[in-house]
Amino acid sequence: MFPKIELIFGAVLLATVSTAAAAQTAIQVAKTRGCGCCVAWMDRLSDAGFLPEGENIGGALIRLKMDRGIPVAMFSCHTATVEGYTIEGHVPPADITRLLEERPDAIGLAVPGMPIGSPGMDFGETSDAYDVFLVKKDGSTEIFSSYPAS
């Protein structure tokens with residue numbers, strides 16, 4: 001009977017530690033004024049325990065994406081920074097957590113466009129299939145994770 005209790009305690013402790021780690025992680029979000037999906041994405045980050053802080057930078061957002069090395073094909077509506085990585089678009093919080101745990105030698109993660117069903121674009125019952133890309137320092141990309149349509 002005790003092994004079950006230890007297993008449950010371990011699972012609760014792991015969930016608490018993961019949430020605590022996210023809760024200590026600030027994410028700076030550059031966006032344009034009045035973009036509801038950017039705010040909704042920041043809400044999903046908060047729900048996952050992160051501390052997002054938004055800044056409306058208007059037309060300077062395109063320059064920021066380019067300066068950070070995000071390929072044009074990976075552009076989305078907002079660009080964030082977390083612990084030296086760039087997060088482009090509606091990247092799920094779980095993928096950001098994984099990025100921070102694995103610490104690959106890369107620029108960051110991107111979800112190009114604004115796929116329906118991605119965090120911040122999850123306004124209904126259906127969702128598009130989409131990929132989260134790891135953006136490498138040479139500008140190339142590889143699939144980091146995939147999400148199916150529903």
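Refer to the preceding data block for the structure.
In this text, all values refer to a predicted model and were calculated from it rather than measured experimentally.

**What to know about the pattern of salt bridges**
A side chain with one charge may pair with a side chain of the opposite charge, provided their charged atoms come close.
For step 1, the next point in the chain: In total, this model carries seven salt bridges according to the counting rule given.
For step 2, the next point in the chain: Between R63 and D67 there is a salt bridge, and its shortest N-O distance comes to 3.5 Å. In this pair, R63 and D67 are both assigned in helix α3 (residues 60-67), four residues apart and thus about one turn of the helix distant.
For step 3, the next point in the chain: For D67, a relative accessible area of 56% translates into the label exposed.
For step 4, the next point in the chain: In this structure, K65 engages E88 in a salt bridge whose closest nitrogen and oxygen atoms are separated by 2.5 Å. In this pair, K65 is assigned in helix α3 and E88 in strand β4 (residues 85-89), connecting sequence segments 23 residues apart. Here the two residues K65 and E88 agree in accessibility, since each one is buried.

**Quick notes on helix α2 (residues 36-47)**
For step 1, the next point in the chain: In this model α2 runs 16 Å from its N-terminal to its C-terminal C-alpha over twelve residues, within 8% of the 16 Å that 1.5 Å per residue would give.
For step 2, the next point in the chain: Residues C37, C38, A40, W41, M42 and L45 constitute the buried set of α2.
For step 3, the next point in the chain: Tucked into the core, α2 has its buried residues touching β1 (26-31), β2 (51-56), β3 (79-82), β4 and α4 (93-102).
For step 4, the next point in the chain: G49 sits one or two positions beyond α2 and adopts a positive phi of about 100 degrees.

**So, the nonpolar core**
For step 1, the next point in the chain: I27, W41, I87, I96 and L109 are the most contacted members of the largest nonpolar core, which totals 21 residues.
For step 2, the next point in the chain: Listed by contribution, the elements that provide at least two residues to this core are β1, α2, β3, β4, α4, β5 (106-111) and β6 (130-136).
For step 3, the next point in the chain: In contact with W41, other than residues within four places in its own chain, are V29, H78, A80, I87, G89, H90, V91, I96, P119 and G120.
For step 4, the next point in the chain: Residues I70, F75, I107 and A110 belong to the second largest nonpolar core, which totals seven residues.

**Remarks on the sheet that holds β4**
For step 1, the next point in the chain: Strand order in the open sheet made by the seven strands is β2-β1-β3-β4-β5-β6-β7, with mixed pairing throughout. On the outer flanks of this sheet lie β2 and β7 (141-147), each paired with one strand and no other. Sheet twist, expressed as the average angle between the axes of neighbouring strands with direction ignored, equals 20 degrees.
For step 2, the next point in the chain: Relative to β4, β3 runs antiparallel, the two being bridged by four bridges.

**What to know about the pairing of β5**
For step 1, the next point in the chain: Of all six residues making up β5, six are buried, and the element is well covered by its neighbours.
For step 2, the next point in the chain: Relative to β5, β4 is paired through four bridges, and the arrangement is parallel. By the bridge assignment, I87 is partnered in β5 with L109.
For step 3, the next point in the chain: Two elements, β5 and β6, share four bridges in a ladder whose sense is antiparallel. Bridge assignment links L109 to a residue of β6, and that residue is L134.

What counts, and where the lines are drawn
- All residue numbers refer to positions counted from 1 along the written sequence of the respective chain.
- It should be noted that, the model being predicted, local features are given only for residues of pLDDT at least 70 and side-chain atom pairs only at 80 or more, the latter also being counted only at that level, while totals for whole chains, interfaces and linings use all residues.
- Water and hydrogen atoms play no part in the side-chain values, which are based on all heavy atoms of the structure.
- Salt bridges are identified by distance alone: a Lys or Arg side-chain nitrogen within 4 Å of an Asp or Glu carboxyl oxygen.
- Helix numbers and strand numbers start at the N terminus; a helix is a DSSP run of H or I with at least 4 residues, a strand a run of E with at least 2.
- Burial classes follow relative accessibility: with a 1.4 Å probe on protein chains only, a residue under 20% of its type's maximum area counts as buried, one over 50% as exposed, and anything between as partly exposed.
- A helix is expected to span 1.5 Å for every residue after the first.
- Throughout, a contact is declared for two residues whenever any of their heavy atoms are within 4.5 Å.
- Only buried residues count toward a nonpolar core, which is a set of Ala, Val, Leu, Ile, Met, Phe, Trp, Tyr and Cys residues joined through side-chain atoms within 4.5 Å.
- We call two strands paired when DSSP finds no fewer than two bridges between them.
- The angle between two axes is taken between their N-to-C directions and runs from 0 to 180 degrees, where each axis is a line fitted to C-alpha atoms and a helix contributes only its stretch in contact.

Remember, this is a structural readout, not a statement about activity or role.
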